[in-house]
Every structure is written in structure tokens, then in C-alpha cells.
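One-letter residues, chain by chain:
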Amino acid sequence: MRQIATAVSRWGLIAAALAMSPLSVGAAPNPAVPAAAAAGAASAAQDKAIAESLAEMLRDARTVISNNQDLINNPALGDKHLGGDRVLQAAVALYRKNTGVDPDAIDPNSREGRLLRAMMKAIVMVMADNQTTINEQGTGFKGFIPAVFGRLVAETFNGLAGNEAVIKVTAPPELVRNIKARPDAWERDVIKTKLLAPDWPKGQPFSADVTFDGRSAYRIAVPEYYRQSCLACHGSPKGEMDITGYPKEGQKVGDLGGVISITLFR
Ligand code: HEC
């Protein structure tokens, strides 16, 4: 499970960021802060809140798949009754529990509401696409695991919203399994010089304003760490095949396992 303490403090920051809308900045002008700088800070804070909201929903949906892994892997059952709506409802419940915010109450016409709904739609679409696999009777392990599901949701989200936002789950280069997850130059640099730095505060994302695909963008890298449950596949002995057919990476609990990388175009 994720560390609730981290989640709570992070969401405290997000709530503060959302409260700091351009309107409230304008309402209580601080003469020491030039208006343009204040507006820029507010928009970076809003970008951060939106990106972390998307990351939260993706993580929650992956957790739902993880919680249902035994059901999915059950060879005796045909129809698992694990469709898109059920997974989405469970993900929304987790999101609500972890953040105190009801995603359905976020204005669908706001940028966050629009992007979060694209993520929610992607979750439903991926579950719909994989019903045949999930419901196959007589097969135990079907390869439908949280990492694969998460990648498919990200790809589907990018198809729906890619002109506005791009999401990708990546990892330190030496840990990457799927070639599609390979970090780009920015991600590689952030992983190496920030997230893997010995003094980097555990769980703290790194963000920056950059140019991406020739467009001005906000990028954020949210670190994810291995837990005990991950090590069945990513643990020891290094090189031994896991159930999915990949060699284990010899990682330990608490090691940086991956990064949710989100780009919001300006
Ligand atoms: C059942 C085995 C298994 C377990 C358990 C597992 N993973 Fe993976 N993981 C995989 C496979 C297989 C992939 C490649 C998925 C794909 O094709 O996109 C992967 C991919 C990833 C990726 C994306 C980057 C890449 O290498 O392609 C990250 C990040 C990751 N896993 C982290 C974790 C974390 C963190 C946990 C525990 C919460 C975990 N994994 C649990 C098998 C597993």
C-alpha cells in the first residue's frame, strides 16, 4: 500500500495550490510579488495539482487490479464480472479515500475535470478491451497485471487527451522491461540527478517548465518505490525468471522502481 502519511501531506499541498487560484491571487495582491510572477507560480501550482490528480487516479486503478489479481488469475472461473464500471467505481472510491476529494464533483469543464475524466474513460476502455483475456476459463496467469494495465491506461489516455497532456510510467534505464517505458532524455536526467540522489526526499516529485515536442510544457516526475509485493517479480535472485517471463532485477523494498511522468502542455 502507499504511504498514507506522504499522500496526506502531498494532498495538503495540492489543496493549498488549488486554493491559490489566479482569482485569489488577484483578490489579495502582495505588493512584493510582481503580478506576472505570482500568476506563473499559481499556474505551476495548478499544473502540479492536476498532474498529481491524474497520477493518483492511475495508481488507484492499478491498485484495484492488484486487489483483484487472484480473481483475474483464477482458472476455474469464466466471467469474472470485473468490467470497466466496477474497476472505475473501486478506483474512484480509493481516490476519494486517499484525497478526500470526489472526482465526480470536479467540474467537467475545468482543465482538471476534463483530463481526469479522460483518465477515467481510459480505465473503462482498457477493461472493456481485455474482457476476453480476463474471462478466459482454464488459464491461470493471463499476464493482466497492474503494470500492463497501467501502461494500457496511459496509452489510451494519451490517445484521448494527448494534445493537452501525456502520461507515461517509466523507470530507471537499467530496470526498464518494456521498451515503450524507456525514459526520454529529460526523464533519464531527472531520475539520475534528482530522484536517485542520496539526499532526495523520499516520495517528492520533481517538476520543471520545459519545451517538449516544440511546445511549452510543465513536466513532473512522481517517484514510485518497490514494496514487498513487487519483489515476487522485481526482487531476488537477480536474473531468475519471474512468472511473467522477465528476469528479476534483484531490487529491494524502498528502491526507486518507477516514475509516473506527466507532461501538461501550456
Ligand atoms: C507479476 C509480476 C510483477 C509484479 C508483482 C510487479 N511487476 Fe512491475 N512489471 C512487470 C512486468 C511484466 C512489466 C512490464 C509491463 C509491460 O509490458 O508494460 C512491469 C513493469 C513495471 C514498470 C514499468 C517500467 C517497465 O519496466 O516497463 C514499473 C515502474 C514497475 N513494473 C514497477 C513495479 C512496482 C512498483 C511493483 C509493485 C507495486 C511491481 N512493478 C510489481 C511485472 C511485475
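Attention here is on the structure that accompanies the text. (Residues numbered from 1 in each chain as written. Predicted model: local features only at pLDDT ≥ 70, side-chain atom pairs only at ≥ 80, totals over all residues.)

### Re the overall build of the chain
Item 1. Assigned secondary structure in the chain consists of 10 helices and four strands.
Item 2. If you list the helices and strands of the chain from N to C, you get α-α-α-α-α-α-α-α-β-α-β-β-α-β.
Item 3. Sequence-distant contacts, at least 24 apart, represent 66% of the contacts inside the chain between residues at least 6 apart. (Helix = DSSP H or I, 4+ residues; strand = E, 2+ residues; numbered from the N terminus. Contact = placed C-beta atoms within 7 Å.)

### Brief notes about the nonpolar core
In a soluble, globular protein the nonpolar side chains are often hidden away together inside.
Item 1. If you look at the biggest cluster of nonpolar residues, it comprises 50 residues, and the most contacted ones within it are L54, L58, M119 and I123.
Item 2. Of all the elements in the fold, those that place two or more residues in this core are α3 (35–67), α5 (84–99), α6 (111–129), α8 (146–161), β1 (165–170), α9 (185–195), β3 (215–225) and β4 (256–265).
Item 3. With 10 residues, the top contributor of residues to this core is α3.
Item 4. Beyond its immediate sequence surroundings of up to four residues, L58 is in contact with M119, G150, V153, A154, I167 and I260. (Core = buried A, V, L, I, M, F, W, Y, C linked by C-beta atoms within 7 Å. Buried ≥ 20, exposed ≤ 12 C-beta atoms within 10 Å, placed from the backbone.)

### Here's the deal with the site of the ligand
Item 1. Residues in close proximity to the ligand total 25 residues, the closest being A147, A181, C230, C233 and G258.
Item 2. Looking at the shell around the ligand, the elements with two or more residues in it are α8, α10 (231–234) and β4.
Item 3. Its residues assigned to classes, the shell around the ligand comprises 14 nonpolar, six polar and five charged.
Item 4. Taken domain by domain, the makeup of the shell around the ligand includes at least three residues from each of domain 1 (1–161) and domain 2 (164–266). (Near = placed C-beta within 6 Å. Nonpolar A, V, L, I, M, F, W, Y, C, P; charged D, E, K, R; others polar. Domains from an automatic or database assignment.)

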